[in-house]
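Okay, here's what each chain looks like letter by letter:
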Amino acid sequence: MAAAATSSSSSSSRSPPAQQRPDNTAFTQQRLPAWQPLLSAGTVLPLFFCLGVAFVALGLGLHFSSATIRELELDYTGLGDSRCARCANLSLLADGSTCACELPFSLAEAFPAPVCLYYQLSNYYQNNRRYSVSRDDQQLSGLSWALRDPVEECKPYRYNATGVPIAPCGSVANSLFNDTFELYYVFSNGTKVKVPLDKRGISWWTDTNIKFRNPEPVDGILALAFNGTAKPPNWKVPVYKLGQGNNTGFVNEDFIVWMRTAALPTFRKLYSRIRLGNFSTGLPRGNYSLNITYNYPVLSFHGTKKVIFSTLSWMGGKNPFLGITFLVFGSLCIVTGFVMLAAHIKYQHLNEAD
Amino acid sequence: MWRWIRQQLGFDPPHQSDTRTIYIANRFPQHGHYVPQKFADNRIISSKYTVWNFVPKNLFEQFRRIANFYFLIIFLVQLMIDTPTSPVTSGLPLFFVITVTAIKQGYIDWLRHKSDNEVNGAPVYVVRSGGLVKTRSKNIRVGDIVRVAKDETFPADLVLLSSDRANGSCHVTTASLDGETNLKTHIAVSQTAVLQSVANLDKLDAVIECQQPEADLYRFVGRITINQQIEEIVRPLGPENLLLRGSRLKNTKEIFGVAVYTGMETKMALNYKSKSQKRSAVEKSMNSFLIIYLIILLFEAILSTILKYAWQSEEKWDEPWYNQKTERERNSSKILRFISDFLAFMVLYNFIIPISLYVTVEMQKFLGSFFIGWDLDLYHEETTQKAQVNTSDLNEELGQVEYVFTDKTGTLTENEMQFQQCSINGVKYHEINGKLVPEGLIEDIPDGIRPGLAPEEELFLKAVSLCHTVQINNDQADGLCDNPWHTNSIASQLEYYASSPDEKALVEAACRIGVVFTGTDGQSMEIKSRGRPERYKLLHVLEFDPCRRRMSVIVESPSGNKLLFTKGAESAILPYSTRGEIEKTRVHVDEFALKGLRTLCVAYRKFTAQEYKEVAQCLYKAKTALQQREERLAEAFNFIERDLELLGATGVEDKLQDKVQETIEALRLAGINVWVLTGDKHETAVSVSLSCGHFHRTMNILELVQHKSDSTCAEQLRQLARRIKDDHVIQHGLVVDGTSLSLALRQHEKLFMEVCRNCSAVLCCRMAPLQKAKIVRLIKTSPEKPITLAIGDGANDVSMIQEAHVGIGIMGKEGRQAVRNSDYAIARFKFLSKLLFAHGHLYYIRIATLVQYFFYKNVCFITPQFLYQFYCLFSQQTLYDSVYLTLYNICFTSLPVLMYSLLEQHVHPHVLQSKPALYRDISKNAHLGFKPFLYWTFLGFVHAFVFFYGSYLLMGEDTSLLGNGQMFGKWTFGTLVFTVMVITVTMKMALETHFWTWINHFVTWGSIAFYFVFSLFYGGIIWPFLHTQNMYFVFVQLLSSGSAWFAIIIIVVACLFLDVVKKVLYRHLQPTCTEKAQLTETGTGLSCLDSVCCVSDGETACASLRRMLERVMGRCSPARVNRSWSASEPFYTTDRSILTLSTMDSVTC
């Protein structure tokens, strides 16, 4: 192409070769002031040592901050003859009845507040493409026309059998996790005190307040806004009956948490926090009992269900990875630093020999 | 009718007769059934597109490129079937690439249109209906009579009808066609030359028959038939009657000519046909890399498809209760599903083929080539010529050269001839102070003793001053020559113009000595011998041609004798000479040649009246022949130029160019084989070779010359091969001449090649232009496929320049033909060293890294996507958001690598040039070989694994990474991987960068900053018209997690860690010469850290900090801030010492 360019300039009669002296500027002469770093042992050596020390220090910090976090996992899938086995074998989605099971456990040490209650599903592919695209964010943002005309991707949960649009449409919404948990503190005399679970603030603030919106209530009644829509087939109640108060409809936080699909087939979702009432300082040591309403079937795809109690630090939940990696890399840097030092000394000898 | 349509559509070319018939002023014969021939109009169209066809034509051309076509297919697949990414992800980058290319091509074409319009709209004067009509150039038709005034260019190829001079001659310069600045005389046929007014011309009734248009500028065959009253006069037309479009009228008030070739059929236009495209080695390896990546892509797609079906064989994975299929999905045919799955994976992974690679490479080459033209070191002050880049496609090839083929005259030498010696009648003469002094007589003889010239001396000088095609600039010649007192001093005032510098030197010498050529008027030549004017009638000029290697004139002396003067190469004269001191002259010629002088022999022949008649007839017949005129002319010339009496020989010195020796030495140190190919005599060539350092005194010089038969040649070759084998300590030089070469190549190519490869210097003399090209091709196609470079200045080097991988033209005195056909043009041979060692080396490093990096960054980009499929049931879930997929190559990672590829200087050009041995480090496409490619690809995969599994492990069993216990989702995971990737890939480029100007800083940190700013903006808005708002606040949430920050840091460091360690260890354990050079540069000067601190006044405050920083950061540019070398500063500081130094370097490496 450039060849063509110059041939054009030559065809355009440049008879007198009026060539001028090129500009003597730093740019045209390719001598812009420049910093020229060079990767040699001598130069990277200090860098490696500094980095190594810093990483080791950071790694120790991260490791300890992760180690202070307390975490308790309770599997309630109901395999074998565990407590929830009855429910697990019984539960079929359609029949509408509920099954409850109780899971006693004890804490050997206190969990300081805030304690988070998560549920964890495994072997559950929320990241399957067919599944994860099966939703309509416009519908969920409360647009009334989208409410009645869900997007193509929502199939097969776009319209129900009678042709009424489903709200919220799609596989993700339809498969909303519907087990519920109640936590009791068991005194040594056997009396139980209900631990209040704070269900607010479990979803991203921006999701609850901006991204998800209920349709404009008709005459102040939200249910009327959903007139002409059907509930997802797997749901027991329509969307406007989820939760209470202003935690209902599309902005129900449990629903929003579920709608943020997970990256990997084993995932946790925040169920609630324990920070209210008598338990505002956390969970004291002692015995507890978890009452589970068991609705959600997972055995058909070999999934498991767990409940996790976890305390928090500034870096989130228990995460040994960061601390260990920083420690490993820090020490690796220092070791390599010594190797470099050896190379550097040897090289200097060579240099002198030259 | 059908046929007419086909003709119009261009299927059937209209019947082409061998000649075209032109009726002057378009006066067609009234009688008879005359079918007018169709000619093109006079529009010059160099543009490719019009406004209407630009879009379709340009698109068509772009999609003929395999990469663009591939992306178009991907785009169409995305449109047609349900694929994981929206069509925008591949459509937008494709659109971007296509648009950038289209804009560039459109701009170039717009420039062409502009120049076309300028040319086509230029006002011209045409004789029509009895008057002079002003019209536009594009309206000229074949047959129109055109008037051209002084200093105007000719608007079409015209046959000269008349000029303002009585003899119908005019002078033109063809500088813009072939660069020859001398004045050329063109003459009109005498019958039309008298028609000097419009009125007269209007009455002219004549027909021109001539050949169909052809590109050869110097060939024209035709005849004109003039109807005067009832009589028909036929006159031959040759190139001397033809005025070419593009040349300029000089020294003549006005001329009239009839247009014979117009528009695109003019010789100028035919010569601007685009040359065959040369492709560089880098481009070839780029294409093979693409194919490898295509295979990887196919492999990944097939593997994914198969694994998908393996997983899906169980229903619990294929269709668990929470993820039901639609009826249509359940019922679709298995094969169709399989195919669409495969295509979907192809689409998902298609970014592994770097879409913007081609457009970036193109931009890099286009923009990067400006640096050559801008370089002051390649600028020649004396001639005010800067280097010229005719094609930017080969920049990096300059760094790969293994063989240099150079012409001698004008390339190694100045082509500035100085008359030195001559041999007259067997006596050798020197020129001393404008006097010819015979050998043996020393200058101490006072001037008075040799009163004049001996008759044989005078004859010799007359021959020299008559037998040539030198012109005198008329304006100055008038008046000066009439002064009889200044015969000697006149030489300095007379300005001669000649196309051949030898002729000019000879005529000037004769002028100094006493026989002054004072002018020609086309029909006679005037000389002044010892102040006495003599007028010779010029009867015929037998032009020089490279086959005959001689030229002659036939003149009628004042006394009425018809004389033939011939001068030419000794091999072209001596065999035809029958009288004179042939043997003595031959000895002298050889002596001259040994001194490195260019020799010419001069001879003459006296015709008897009978002989002359015969000769004239013979010439006339040949000249008027319409068919095979060339052959017949050659025959006629051979018939005439025989039976000569030898007068003597001349020796002209051609000065060596500046720094030729150093340059050749440097080329050799760089591992480049230098071959000199010249048309000169064996002895001349050898002596020049010795003086320019091509041959050393210590070299054992082998000769393969003057073999007439196949068998002796073969025998000699075998003998040479044996000698080389016996003695491999000493360096060998080989001398071959043209005839032996053609014998050697005919049957013993292999043997010859072997001998050549073992010689450190090869000199080929007596080469015809095509033989030069043949040698180049021979080396080019030899098994090692070395990269060749040909450099020359004359028309005889054009074929070799076009044949070689890189052709370099020297802007010399022999016209611009070589420059026009070259890929690069420079003013002096010595500039070759900067062009190759500095520019070539840098361009190669830049483009090699660019190509490798492009593949690397796309592997990094797409492999996590592939890995993610293992965790999402091969459901073709994308890891990144569509917008990120789209912008990764366009915005986030494009600029740092482009700027790197324009500005990188891993070693200072000055060092590169002074240590030619560094050139060996990159020879044989070292940075784009299989190993480096594998390394980069491997690195890409490793980095991709680290990005993905680093993020994966961080998530662990999906623990919360936020301080408030909330959870991330799928898109945050993808964004984390993407963020790490953008930073790592940019930092990898930063690691490769050795030359950090503010531009590099700006684009590198700017790219990362832009990514952050863009992501914040993109995630900060609920985008209207989108069904999904996947990315809403994802990036902010990611950044609000402390763990994510630490993870980003550790993953980026982990990726680069290995690379840094590898680089450092290699530098210490196996340093390349280049790396050593980088280190030595550190030692030469540590003064300032300009880009970091202390530019102006921080001297003391920063000093300690600076010292520490220097230790940490390595070298910093020495005096670079304030340095401004002038062009005059020698870049070989002390020529020889540097050379010896670098020899040592090359040994120690």
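Note that the structure is a prediction, hence the values are computed from the model and not measured.

1. Some words on the overall build of chain A
Phase 1: Broken down by element type, chain A carries eleven helices and ten strands.
Phase 2: For 354 residues, the compact-globule formula gives about 20 Å, and the C-alpha radius of gyration of chain A, at 31 Å, lies well above that figure.
Phase 3: With 354 residues in all, chain A has 53% of them scored as buried.
Phase 4: Excluding contacts between residues fewer than 6 apart, the proportion of contacts in chain A whose partners are at least 24 apart in sequence is 78%.
Phase 5: Taking the average place of the 31 positive charges on the side chains of chain A and the average place of its 23 negative ones, the gap between the two points comes to 1 Å.

2. Topic: a nonpolar patch on the surface
Residues and elements named next belong to chain B.
Phase 1: Residues Leu298, Ile302, Ile306, Ile335, Phe338 and Ile339 make up a contiguous nonpolar surface patch of roughly 550 Å² in combined accessible area.
Phase 2: Mapped onto the nonpolar patch, the elements with two or more residues apiece are helix H9 (281-312) and helix H12 (334-349).
Phase 3: On the basis of relative accessible area, phenylalanine 338 is assigned to the partly exposed category, the value being 38%.

3. Description of helix H31 (residues 831-869) of chain B
Residues and elements named next belong to chain B.
Phase 1: Taking 1.5 Å of rise per residue, 39 residues should cover 57 Å, and H31 covers 56 Å from first to last C-alpha, within 8% of that figure.
Phase 2: Of all the bends in H31, the greatest, near 30°, is centred on glycine 840.
Phase 3: The buried fraction of H31 amounts to 39 of the 39 residues, a majority that puts the element mostly inside the structure.

4. Notes on the domain arrangement of chain A
Phase 1: The domain boundaries assigned to chain A delineate domain 1 (43-69 + 324-343) and domain 2 (73-312).
Phase 2: Spacing between the C-alpha centres of domain 1 of chain A and domain 2 of chain A amounts to 42 Å.

5. Focus: the interface of chain B and chain A
The parts lose accessible area when they come together, and the size of an interface is often stated as this lost area.
Phase 1: Contacts between the two partners involve 131 residues from chain B, matched on the other side by 109 residues from chain A.
Phase 2: Interface area for chain B against chain A, summed over the two sides, is near 11100 Å², with a carbon-plus-sulfur share of 61%.
Phase 3: Considering only the surface of chain B that becomes buried against chain A, Trp321(B), Tyr322(B) and His1068(B) emerge as the three largest contributors, covering 8% of it.
Phase 4: A salt bridge links Asp82(B) to Arg129(A), with the shortest nitrogen-to-oxygen separation between them at 3.5 Å.
Phase 5: Taken together, chain B and chain A are joined by 30 residue pairs in polar contact (both at pLDDT 80 or more).
Phase 6: Take the side of chain B that touches chain A: its biggest share by element is 15 residues, from helix H39 (residues 1042-1069) of chain B.
Phase 7: Partitioning the side of chain B that touches chain A into residue classes produces 56 nonpolar, 49 polar and 26 charged.

6. Here we look at the sheet that holds strand S14 (residues 388-389) of chain B
Residue and element names in this part refer to chain B.
Phase 1: Strand order in this open sheet of nine strands is S14-S35-S34-S33-S15-S29-S32-S31-S30, and the pairing throughout is mixed. A single partner strand is all that each edge strand has here, and the edge strands are S14 and strand S30 (700-704).
Phase 2: Pairing geometry for S30 and strand S31 (residues 732-737), over five bridges, is parallel. Residue pairing across strands places isoleucine 701 opposite glycine 733, the latter belonging to S31.
Phase 3: Where helix H27 (residues 749-757) meets the sheet, its contacts fall on strand S15 (403-406), strand S29 (673-677), S30, S31 and strand S32 (761-765), and the angle it forms with S31 comes to roughly 140°.

7. Quick look at the UniProt feature "transmembrane region" (unreviewed entry) in chain B
All names here are of chain B.
Phase 1: As recorded in UniProt, the feature "transmembrane region" (unreviewed entry) lies at residues 66-81, 288-311, 342-361, 835-856, 933-951, 971-991, 1003-1026 and 1032-1058.
Phase 2: Along residues 288-311 the backbone is 100% helical and 0% strand, and the end-to-end C-alpha distance reaches 35 Å.
Phase 3: Along residues 835-856 one finds 100% helix and 0% strand; the C-alpha atoms at either end are 30 Å apart.

8. Focus on the packing of aromatic side chains
All names here are of chain A.
Phase 1: Tallied over the full model, the rule gives 100 aromatic pairs over all chains.
Phase 2: A ring pair is formed by tyrosine 124 and phenylalanine 267, whose centres lie 5.7 Å apart and whose planes are at 80°; its orientation type is edge-to-face. Remark: phenylalanine 267 occurs in strand S7 (residues 267-274) and tyrosine 124 occurs in the loop between strand S4 (115-121) and helix H4 (129-132); sequence separation between them is 143 residues.
Phase 3: Using a relative accessible area of 0% as the deciding quantity, one classes tyrosine 124 as buried.

9. So, the packing of helix H2 (residues 54-63) of chain B against helix H4 (residues 87-120) of chain B
Residues and elements named next belong to chain B.
Phase 1: Where H2 contacts H4, the two axes come as close as 11 Å, and the packing angle between them is 115°. Between H2 and H4 lies a crossing of right-handed hand. The segment H2 lies against H4, with Phe54, Asn58, Leu59, Gln62 and Phe63 engaging Leu94, Val97, Ile98, Thr101, Ala102, Gln105 and Gly106.

10. Let's talk about helix H18 (residues 501-513) of chain B
Residues and elements named next belong to chain B.
Phase 1: A rise of 1.5 Å per residue sets the reference length of H18, with its 13 residues, at 18 Å; its end C-alpha atoms lie 18 Å apart and thus fit the reference within 8%.
Phase 2: When you tally the buried positions in H18, you get ten out of 13 residues, the bulk of the element.
Phase 3: Those residues of H18 lying buried are Pro501, Asp502, Glu503, Ala505, Leu506, Val507, Ala509, Ala510, Cys511 and Ile513.
Phase 4: Backbone geometry just downstream of H18 places glycine 514 in the positive-phi region, at approximately 145°.

11. Comments concerning the sheet that holds strand S10 (residues 231-237) of chain B
Residues and elements named next belong to chain B.
Phase 1: On the basis of which strands lie adjacent, the open sheet formed by four strands has the order S1-S8-S9-S10 and antiparallel pairing. Edge positions in the sheet fall to strand S1 (19-23) and S10, since each of these pairs with one other strand and no more. On average, each strand axis in the sheet is inclined to that of its neighbour by 20°, with strand direction left out of account.
Phase 2: Judged from the seven bridges that link them, strand S9 (residues 222-228) and S10 form a sheet pairing that is antiparallel. Following the sheet pairing, asparagine 227 is matched in S10 by glutamate 232.

12. Observations concerning the state of the cysteines
All names here are of chain A.
Phase 1: Taken as a whole and judged by the stated rule, the model has three disulfides over all chains.
Phase 2: Cysteine 84 shares a disulfide with cysteine 101; S-S distance 2.0 Å. In this structure, the disulfide formed by cysteine 84 and cysteine 101 twists by about 80° around the S-S bond and is classed as right-handed. One end of the pair, cysteine 84, is in the loop between strand S1 (71-75) and helix H3 (85-90); the other, cysteine 101, is in strand S2 (residues 99-107), and 17 residues separate them in sequence. As far as burial versus exposure is concerned, cysteine 84 and cysteine 101 are alike and both buried.
Phase 3: What pairs with cysteine 87 in a disulfide is cysteine 99, and their sulfur atoms sit 1.7 Å apart. The S-S bond linking cysteine 87 to cysteine 99 shows a torsion near -80°; that makes this disulfide left-handed.

13. Concerning the packing of helix H33 (residues 895-903) of chain B against helix H36 (residues 970-992) of chain B
Axis angle and axis distance: for two packed helices, these are the angle between their axes and the distance between the axes, and together they describe the pair.
Residue and element names in this part refer to chain B.
Phase 1: One way to put it is that H33 packs onto H36 with a least axis distance of 10 Å and a crossing angle of 10°. In this view, H33 runs roughly parallel relative to H36, as classed from their interaxial angle. Counting all contacts with H33, which are made through Pro896, Val897 and Tyr900, the residues of H36 involved are Thr986, Met989 and Glu992.
Phase 2: Partitioning the contact of H33 with H36 into residue classes produces four nonpolar, one polar and one charged.

14. Observations regarding the pattern of salt bridges
Residues and elements named next belong to chain A.
Phase 1: In this structure the tally under the stated criterion is 60 salt bridges over all chains.
Phase 2: Note that glutamate 152 and arginine 158 form a salt bridge whose closest N and O atoms lie 3.4 Å from each other.
Phase 3: On the basis of relative accessible area, glutamate 152 is assigned to the partly exposed category, the value being 44%.
Phase 4: Given a relative accessible area of 16%, arginine 158 falls into the buried group.

15. Concerning the UniProt feature "transmembrane region" (unreviewed entry) in chain A
Phase 1: Within the UniProt annotation, "transmembrane region" (unreviewed entry) is assigned to residues 38-62 and 321-345 of chain A.
Phase 2: A helix fraction of 88% and a strand fraction of 0% characterise residues 38-62 of chain A, whose end C-alpha atoms lie 33 Å from each other.

16. Overview of the nonpolar core
The tendency in soluble globular proteins is for nonpolar side chains to be buried side by side.
Phase 1: Counting 125 residues, the largest nonpolar core has Leu322(A), Val851(B), Phe861(B), Tyr880(B), Tyr884(B), Phe978(B) and Met981(B) as its most contacted members.
Phase 2: A total of 17 residues in this core trace back to one element, the largest contributor, which is H31(B).
Phase 3: Composition of this core by domain shows at least three residues from each of domain 1 (43-69 + 324-343) and domain 2 (73-312) of chain A.
Phase 4: Apart from residues no more than four positions distant in its own chain, Met981(B) is found in contact with Cys860(B), Phe861(B), Tyr880(B), Tyr888(B) and Phe947(B).
Phase 5: One finds Cys101(A), Leu117(A), Leu242(A) and Tyr296(A) within the second-largest nonpolar core, a separate group that totals 61 residues.

Reading guide: rules and limits
- Residues numbered from 1 in each chain as written.
- Chains lettered and ligands numbered in written order.
- Predicted model: local features only at pLDDT ≥ 70, side-chain atom pairs only at ≥ 80, totals over all residues.
- Heavy atoms only, no water.
- Helix = DSSP H or I, 4+ residues; strand = E, 2+ residues; numbered from the N terminus.
- Rg over C-alpha atoms; globule rule 2.2 N^0.38 Å.
- Buried < 20%, exposed > 50% of the residue type's maximum accessible area, 1.4 Å probe, protein only.
- Contact = heavy atoms within 4.5 Å.
- Lys, Arg positive; Asp, Glu negative; His and termini not counted.
- Charge placed at Lys NZ, Arg CZ, Asp CG, Glu CD.
- Patch = residues over 30% accessible without salt bridge, like charges linked within 9 Å, V, L, I, M, F, W, Y side chains within 5 Å.
- Areas by Shrake-Rupley, 256 points an atom, 1.4 Å probe, with all protein chains shown as cover.
- Salt bridge = Lys/Arg side-chain N within 4 Å of Asp/Glu carboxyl O.
- Expected span 1.5 Å × (residues − 1).
- Bend = angle between axes of the 7 residues up to and from the residue.
- Domains from an automatic or database assignment.
- Buried area = accessible area lost by both parts, 1.4 Å probe.
- Polar contact = N/O pair within 3.5 Å; in protein donor to acceptor, adjacent residues only side chain to side chain.
- Nonpolar A, V, L, I, M, F, W, Y, C, P; charged D, E, K, R; others polar.
- Pairing = 2+ DSSP bridges.
- Axes fitted to C-alpha atoms, helices over the stretch in contact; angles between N-to-C directions.
- UniProt positions renumbered as here; feature names shortened; annotations may be inferred.
- Phe/Tyr/Trp six-rings, centres within 6.5 Å; stacked < 30°, edge-to-face > 60°.
- Left-handed = near helix turned anticlockwise from the far one by under 90°.
- Disulfide = S-S within 2.5 Å.
- Parallel < 35°, antiparallel > 145°, perpendicular 65-115°, else oblique.
- Core = buried A, V, L, I, M, F, W, Y, C linked by side-chain atoms within 4.5 Å.

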